[in-house]
Amino acid sequence: KGIYTDSLSSNFVNVTNNVFNNRSYNMIVSKCNNFLISNNILRNTGNKGLILDGCRNNMISKNTISTTYLTEEVPTDSGGIFINWSSVTEDGSNNLVDGNIITGYYNSITLDSWGWDSGAKSVIKNNLVNKINVKAPGLGFLGVCIGNTKNNIPTEEVKETIYN
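Predicted model, so just to flag it, every value in this text is computed and none were measured. Every chain begins its residue count from 1, and numbering advances along the sequence as written. The model is predicted, so local features are restricted to residues of pLDDT at least 70 and side-chain atom pairs to those at 80 or more, both for listing and for counting; the totals for chains, interfaces and linings are taken over all residues. Note: side-chain values were computed over all heavy atoms of the structure, leaving out hydrogens and water.

1. As for the overall build of the protein chain
And then number 1: Working definition: helices are DSSP H or I runs of at least four residues, strands are E runs of at least two. Numbering for both runs from the N terminus. The helix and strand tally for the protein chain stands at zero helices and 19 strands.
And then number 2: The 164 residues of the protein chain split such that 51% are buried.
And then number 3: Sequence separation of 24 or more characterises 52% of the internal contacts of the protein chain that already satisfy a separation of 6 or more.
And then number 4: Only carbon and sulfur atoms are counted for the fraction: they give 52% of the accessible area of the protein chain, which is about 7,500 Å². The cut-offs for exposure are 20% and 50% of the maximum accessible area for each residue type, with area from a 1.4 Å probe on protein chains only; residues under the lower value are buried, those over the upper are exposed, and the others partly exposed. In this analysis, two residues are considered to be in contact whenever any of their non-hydrogen atoms come within 4.5 Å of each other. Areas reported here follow the Shrake-Rupley algorithm with a probe of radius 1.4 Å; residue values treat only the protein chains shown as occluding.

2. Things to note about the environment of Glu-156
And then number 1: For Glu-156, the location among the structural elements is in the loop between β18 (149-150) and β19 (160-163).
And then number 2: According to the relative accessible area criterion, Glu-156 is partly exposed, its value standing at 36%.
And then number 3: In this structure, Glu-156 is in contact with Asn-148, Thr-149 and Lys-150, ignoring residues within four places of it in sequence.

3. What about the pairing of strand β16 (residues 132-135)?
And then number 1: Alternating positions in β16 separate into two faces, Ile-132 and Val-134 on one and Asn-133 and Lys-135 on the other, with burial throughout.
And then number 2: Only strands that DSSP links by at least two bridges are regarded as paired with each other. As judged from the three bridges shared by strand β13 (residues 109-112) and β16, these two strands associate in the parallel manner. Bridging from a neighbouring strand, Leu-111 pairs with Val-134 of β16.
And then number 3: When β16 meets β19, the two strands line up parallel, connected through four bridges. From the neighbouring strand, Lys-135 faces β19, where its bridge partner is Tyr-163.

4. Concerning unusual backbone geometry
And then number 1: In this structure, Lys-31 is a non-glycine residue whose phi angle is positive, near 55 degrees.
And then number 2: With respect to the element layout, Lys-31 can be found in the loop between β4 (27-30) and β5 (35-38).
And then number 3: Its identity is not glycine, yet Asn-126 carries a phi of approximately 55 degrees, on the positive side.
And then number 4: For Asn-126, the location among the structural elements is in the loop between β14 (123-125) and β15 (128-129).
And then number 5: A relative accessible area of 42% places Asn-126 in the partly exposed class.

In structure tokens, the structure reads:
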């Protein structure tokens with residue numbers, strides 16, 4: 001399938017790879033904290049590129065993620081970078097998503113933190129994207145989404161789209 005990491009680690013790890021496959025995802029990082037995921041080239045034919053499941057305090061930076069699968073509107077459970085809420089203690093919060101290039105995905109970045117804190121304090125900035133989805137029940141989105149631009153119109157800023 002690609003790369004799968006599952007650990008309750010709180011160590012700093014730098015993950016750098018080139019992954020090309022014909023599966024539903026390229027990389028899953030599950031329940032890991034304090035990761036640096038940078039300078040990856042991830043290409044696939046599925047609806048998710050990089051999945052963070054229940055991960056906190058990670059930096060996802062300078063990755064190039066693309067797919068040939070999605071060219072039109074799809075459900076919100078997809079994304080080039082998909083950050084998922086796993087539990088109250090593994091809530092997908094406090095992540096930094098910075099400087100990534102994401103193409104081919106209708107939903108470039110999806111923050112699916114359906115817990116009460118809604119991905120509190122996650123920062124999504126300076127990415128080249130199509131669309132950014134943020135699930136925001138409860139208190140709403142408490143993070144920052146700034147400086148992201150459209151991949152086919154780099155002068156157009158992309159704000160988060162809130163869904164419940």
